[in-house]
Amino acid sequence: MGKDPEWYDTTVSSTSPEWYQGLPPEPPAPPTKDDAPARKRRKVWPAVAVVAALSITAGGVWQSAADEDQRQERSDKAAAYKGRSGAALRIDGVSADLVAHWSSDRDKVVIELRSYLDKNARYLRLDAGGESASSKRQDGWYPKAPEIAVPVSDPLADVTVRVAVGGKTWKDGARADSRTVRLSPTGAAYDAETGDRLPSDL
């Protein structure tokens, strides 16, 4: 065979990859815009979960405190229960007493509006719990005290009453001045619109 090198002795210098090494690995793709929010979302979820848990806990604590306040208020009301309430009112120049009595079995309250012998009283009206009663001056006689009985499911709850009074200038069929009063079985009476305590009728 002489001095020629054998085919298996020859070395080939080449920059191309050899066929048995396979293809070179692809470089990693640069991050896309869609990938960035996913990473941010992953970081935000724990914070959202913590905020939600804290909100639920705070809500539970607040509700528990509110329930405790209501229980304490009912307990105080039960201890101060008198079964009677009244307010001295002055409406349209007429002095009148609004009086409420809770029944002994505490299932109803009887409410009465009295103007006694006030010479300016021409008309008296009560509205509460779907019940109403009215009285007006006739033949020179003072109006009788209107009275209503209102059923109650909670004997410790306040009763709201609308009182209308027609004074010296009131005419039959005209609208009378009115006021809304909240009566408590503890003896107190409040203006239902302002929350101010009203003077007692006693």
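Scroll up for the structure.
Remember, predicted model here, so these are calculated numbers, not experimental data.

Visitor: Would you mind going over the overall build of the chain with me for this structure?
Guide: Across its full length, the chain carries 1 helix and 9 strands. N-terminal to C-terminal, the α/β element order of the chain is α-β-β-β-β-β-β-β-β-β. Taking the contacts inside the chain whose residues are at least 6 apart along the sequence as the reference set, 51% of them involve residues at least 24 apart. Counting only carbon and sulfur atoms, one obtains 54% of the accessible surface of the chain, whose full area is about 14400 Å².

Visitor: What is the right way to read the side chain of S115 from this model?
Guide: Tracing the sequence through the fold places S115 in the loop between β3 (108-114) and β4 (123-128). Leaving out residues up to four positions away in the same chain, S115 has contacts with V94, S95, A96, A121, L124 and P143.

Visitor: Help me understand the pairing of β3 in this model?
Guide: Here is the key point about a regular strand: its side chains alternate between the two faces of the sheet. Alignment of strand β2 (residues 94-102) against β3, held across 6 bridges, turns out to be antiparallel. Following the sheet pairing, W102 is matched in β3 by V109. Joining the antiparallel neighbours β2 and β3 is a turn of 5 residues, in which R106 adopts a positive phi near 60°.

Visitor: What exactly am I supposed to notice about the sheet that holds strand β6 (residues 147-151) here?
Guide: In sheet architecture, strand pairing relies on hydrogen bonds along the backbone and comes in two forms, parallel and antiparallel. Here we have 4 strands laid out as an open sheet, ordered β1-β2-β3-β6, and antiparallel in their pairing. Edge strands, defined here as strands with exactly one partner in the open sheet, are β1 (84-91) and β6. Taking each pair of neighbouring strands and ignoring which way they run, the sheet shows an average axis angle of 15°. Strand direction decides the pairing type here: β1 and β2, joined by 8 bridges, are antiparallel. Across the sheet, A88 pairs through a bridge with D97, a residue of β2.

Visitor: What exactly am I supposed to notice about the sheet that holds strand β5 (residues 131-136) here?
Guide: An order of β5-β4-β7-β8-β9 is seen for the 5 strands of this open sheet, with the pairing classed as antiparallel. Both outer strands of the open sheet, β5 and β9 (189-191), are each paired with one neighbouring strand and no more. Sheet twist, expressed as the average angle between the axes of neighbouring strands with direction ignored, equals 25°. Judged from the 3 bridges that link them, strand β8 (residues 177-183) and β9 form a sheet pairing that is antiparallel. Within β9, the position partnered with R182 by the bridge is Y190.

Visitor: What is the right way to read the pattern of salt bridges from this model?
Guide: In a structure, side chains of opposite charge can pair up when their charged atoms sit close to one another. If you walk through the whole model with that rule in mind, you get 7 salt bridges. Close ionic contact of R162 with D127 constitutes a salt bridge, the shortest N to O distance being 3.4 Å. With a gap of 35 residues between them, R162 in strand β7 (residues 159-166) and D127 in strand β4 connect regions that are remote in the sequence. The partner of D172 in a salt bridge is K136, and the shortest N-O contact between them spans 3.0 Å.

Visitor: For this particular structure, what's the right way to read unusual backbone geometry?
Guide: Glycine aside, a negative phi is what most residues show, and trans is what most peptide bonds show. At D92, a residue that is not glycine, the phi angle is positive and equals roughly 55°. Within the element layout of this structure, D92 appears in the loop between β1 and β2. You can call D92 partly exposed: its relative accessible area is 30%. Despite not being glycine, Y116 shows a phi value in the positive range, around 50°.

Visitor: How should the packing of aromatic side chains be read in this particular structure?
Guide: Aromatic ring pairs are described here by two measures, namely the spacing of the ring centres and the angle between the planes. In this structure the tally under the stated criterion is 1 aromatic pair. With centroids separated by 4.6 Å and ring planes inclined at 10°, the aromatic side chains of Y123 and W170 adopt a geometry described as stacked. Of this pair, Y123 sits in strand β4 while W170 sits in the loop between β7 and β8, placing them 47 residues apart in sequence. The class of W170 is buried, set by a relative accessible area of 13%.

Visitor: How do you make sense of the side chain of D201 when you look at a structure like this?
Guide: Looking at the element boundaries, D201 is found in the segment after β9. A polar side-chain atom of D201 sits 2.7 Å from a polar atom in the side chain of R84. Here D201 is in contact with R84, G86, A87, A88, D97 and V99, once residues within four sequence places are set aside.

Parameters and conventions
Residues numbered from 1 in each chain as written. Predicted model: local features only at pLDDT ≥ 70, side-chain atom pairs only at ≥ 80, totals over all residues. Heavy atoms only, no water. Helix = DSSP H or I, 4+ residues; strand = E, 2+ residues; numbered from the N terminus. Contact = heavy atoms within 4.5 Å. Areas by Shrake-Rupley, 256 points an atom, 1.4 Å probe, with all protein chains shown as cover. Pairing = 2+ DSSP bridges. Axes fitted to C-alpha atoms, helices over the stretch in contact; angles between N-to-C directions. Salt bridge = Lys/Arg side-chain N within 4 Å of Asp/Glu carboxyl O. Buried < 20%, exposed > 50% of the residue type's maximum accessible area, 1.4 Å probe, protein only. Phe/Tyr/Trp six-rings, centres within 6.5 Å; stacked < 30°, edge-to-face > 60°. Polar contact = N/O pair within 3.5 Å; in protein donor to acceptor, adjacent residues only side chain to side chain.

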